[in-house]
Amino acid sequence: MDNNNSEEKTENYKFFQNTKCEYFPCHKTTDKENFNCLFCYCPLYMLKGDCGGNFIKNHNIKDCTNCLVPHSEGNYERIMSKMKEVVKRGSDF
């Protein structure tokens, strides 16, 4: 590919992994190779029950220990599709 005339389009921005992190992986998984750290702190947490993830209430606190939605392959679009609602709720004061 000629780098002077066009750019190669990739989707690398949808995946990041920090294997040197002392918490890696921060959730139990059988697929460490594809564990995505891009959304280390889930931006959908504040949506409470509307996040679409696999959470439970533990002593009346949202517990996402068993949720791999932000860390799984193919969920970038799923997360980004809910960001308008995150911004809306975060801007409502």
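A. The environment of asparagine 36, seen in detail. Along the polypeptide, asparagine 36 turns up in the segment before strand S1 (56-58). Considered as a pair, asparagine 36 and threonine 19 are 17 residues apart in the sequence and their alpha carbons are 10 Å apart. Once you skip the residues sitting within four places of it in the chain, asparagine 36 turns out to touch Lys14, Phe15, Phe16, Pro70 and His71. Within the structure, the side chain of asparagine 36 is placed 2.8 Å from the backbone oxygen of lysine 14, a separation counted as a polar contact. Looking at asparagine 36, its side chain comes within polar contact range of the main-chain nitrogen of phenylalanine 16, at 3.0 Å.

B. Representation of unusual backbone geometry within the structure. A cis geometry characterises the amide bond from phenylalanine 24 onward to proline 25, with omega recorded as -20°. Inspection of the secondary structure assignment puts proline 25 in the segment before S1. Positive phi, close to 55°, is recorded for histidine 59, a residue that is not glycine. Overall, histidine 59 belongs to the exposed group, its relative accessible area being 74%. Phi is positive for asparagine 60, which is not a glycine, with a value near 65°. Positionally, asparagine 60 belongs in the loop between S1 and strand S2 (61-63). Assessed through its relative accessible area of 65%, asparagine 60 is described here as exposed.

What counts as what
Residues numbered from 1 in each chain as written. Predicted model: local features only at pLDDT ≥ 70, side-chain atom pairs only at ≥ 80, totals over all residues. Heavy atoms only, no water. Helix = DSSP H or I, 4+ residues; strand = E, 2+ residues; numbered from the N terminus. Contact = heavy atoms within 4.5 Å. Polar contact = N/O pair within 3.5 Å; in protein donor to acceptor, adjacent residues only side chain to side chain. Buried < 20%, exposed > 50% of the residue type's maximum accessible area, 1.4 Å probe, protein only.

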